[in-house]
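What follows is each chain in one-letter form.
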Amino acid sequence: MYLRTPAVAAFGVAFAAALTIALLHGEKPFYYDAGHYWELGDSFVVDGDFSLLNFDSPLRGYLLALIYHGLAGVADGLTWSPSSVVKIFNAAIVAAISTVLAPSLARLAWPELTWGFWRRLGLAALVLVFWRSYMSFPLSDFPALAAVMLALVAVGRAEAPGWMLVAGASSAAAINMRPAYILVVPAVVGLLAIAWWKARAAPRRSTARGLLGVAALLVGFAAISLPQSLATDRHHDSSSFVPGAVADLSSLQFTAGLTLQRYETFVGSDRPGGRMMYFDPTGQRILQSRDDAVVDDAGEYARIVVSHPIIWRASSRGMS
């Protein structure tokens, strides 16, 4: 990553701006998913003993709950409100995404592109316009996106085993926080293959160093994924490292995603608020034509897409 003066200065300004905006929103109670994420941090302690294996959620990953458990400890130690520490954490993540991670990822794709102070700050301003209201809540959006971006940036430096360790750990972290990011695995493998292909004729290319990088990638991935696998085995008789696998989370997401275009909700002072769901008629018809009206997994969803090309053709025309 490019942690030079423009990046450091832009990060500082973006962090200050993000934190100011978050603080201006005032104290926020943690509703729904936000409240659930925060409360999961308590599950690590049973009878006064802390252990990662005490984590027993069939739906969520342990890593984000662990982070929020730490933030809760900081809040208690400083006698701050939970909302305050969450805002600081989210402001730092947003600043890192917009001024460090996104520019670093862009430079891998377009090396000739220059990212100075003002361009980084402009991206931060754009991010804050769209995401400013999310910074008051402990959600998975910011941390998981940052982990994905870090994994892709790290694998762009495949010649360095240290960066490969980061790539593996970041990939596993992204999946643990948002299981839908399982697609980061083929992305990392594909980028690694491209990097090796480009470097095949490079002088001083060491096969041993390449194998060391792969080992570091696997070690990083295992270090983050293993606690989830062990906790799932302990409480749900499954060794899956993907959160939600025992609760068929992917089936729920693919089924709802086939029919639900958009979802909005409002939480008023008396909670809960109203819900607004925008359905896709074509997706509804496809789902209703199936025997069980359920999409079981990614493979089945892919077969639906292939057998109904009108869906993605219409999407392509709409994007052109």
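Residues numbered from 1 in each chain as written. Predicted model: local features only at pLDDT ≥ 70, side-chain atom pairs only at ≥ 80, totals over all residues. Heavy atoms only, no water.

**Student:** Residues and numbers for the pattern of salt bridges, please.
**Tutor:** According to the stated counting rule, one finds two salt bridges in the structure shown. Across the pair Asp33 and Arg60 runs a salt bridge whose closest N-O atoms are separated by 3.2 Å. Residue Asp33 is located in helix α2 (residues 32–40), and its partner Arg60 is located in the loop between β2 (49–50) and α3 (62–78); the two are separated by 27 residues in the primary sequence. (Salt bridge = Lys/Arg side-chain N within 4 Å of Asp/Glu carboxyl O. Helix = DSSP H or I, 4+ residues; strand = E, 2+ residues; numbered from the N terminus.)

**Student:** Can you explain the environment of Leu113? Please cite residues and give values.
**Tutor:** Considering the arrangement of structural elements, one finds Leu113 in the loop between α4 (82–109) and α5 (117–131). A sequence separation of 147 residues divides Leu113 from Leu260, and the C-alpha atoms of the two residues are 38 Å apart. Leu113 has contacts with Arg107 and Arg119, leaving out every residue within four places of it along the chain. (Contact = heavy atoms within 4.5 Å.)

**Student:** Before we move on, could you go through the side chain of Asn90 and cite the residues and values that matter?
**Tutor:** In this fold, Asn90 is placed in helix α4. With near-sequence residues (within four places) excluded, Asn90 lies in contact with Tyr134, Met135, Ser136, Phe137 and Phe142.

**Student:** Got a sec to walk through the packing of helix α10 (residues 249–259) against helix α11 (residues 281–288)? Specific residues and values, please.
**Tutor:** Where α10 contacts α11, the two axes come as close as 6 Å, and the packing angle between them is 130°. In this view, α10 runs oblique relative to α11, as classed from their interaxial angle. Of α11, the residues touching α10 (which contributes Thr255, Leu258 and Thr259) are Gly283, Gln284, Ile286 and Leu287. (Axes fitted to C-alpha atoms, helices over the stretch in contact; angles between N-to-C directions. Parallel < 35°, antiparallel > 145°, perpendicular 65-115°, else oblique.)

**Student:** Explain helix α6 (residues 141–155) residue by residue, including any values.
**Tutor:** Under the 1.5 Å per step criterion, the end-to-end length of α6 is 22 Å for 15 residues, consistent within 8% with the ideal 21 Å. The element α6 is largely enclosed, with a buried count of twelve among its 15 residues. Within the span of α6, buried status applies to Phe142, Pro143, Ala144, Ala146, Ala147, Val148, Met149, Ala151, Leu152, Val153, Ala154 and Val155. In this structure, the buried side of α6 is in contact with α3, α4, α5, α7 (161–177) and α8 (184–198). (Expected span 1.5 Å × (residues − 1). Buried < 20%, exposed > 50% of the residue type's maximum accessible area, 1.4 Å probe, protein only.)

**Student:** Which residues make up unusual backbone geometry, and what are the values?
**Tutor:** The phi angle at Thr79 is positive, at roughly 55°, despite the residue not being glycine. If you trace the backbone, Thr79 turns up in the loop between α3 and α4.

**Student:** Describe the packing of aromatic side chains, naming the residues involved and giving the relevant values.
**Tutor:** The relative placement of two aromatic rings is captured by the distance of their centres and the angle of their planes. Under the counting rule described, the total for this entry stands at eleven aromatic pairs. Taken together, a centroid distance of 6.2 Å and an interplanar angle of 10° make the contact between Phe11 and Phe15 stacked. Placement of the pair is Phe11 and Phe15 together in helix α1 (residues 5–24), with a separation of four residues, close to one helical turn. For Phe11, a relative accessible area of 29% corresponds to the partly exposed category. Both rings, one in Tyr31 and one in Tyr32, keep their centres 6.1 Å apart while their planes meet at 40°; by these two values the pair is tilted. Each residue in the set Phe30, Trp38, Tyr68 and Phe89 is aromatic and connected to the rest through ring pairs, giving one cluster. The aromatic ring of Tyr37 is capped on one face by Arg60, whose charged end is 4.7 Å from the ring centroid. For the cation-ring pair, Arg157 lies above Trp163, with the distance from its terminal atom to the ring centre recorded as 5.4 Å. (Phe/Tyr/Trp six-rings, centres within 6.5 Å; stacked < 30°, edge-to-face > 60°. Lys NZ or Arg CZ within 6 Å of the ring centre and 35° of its normal.)

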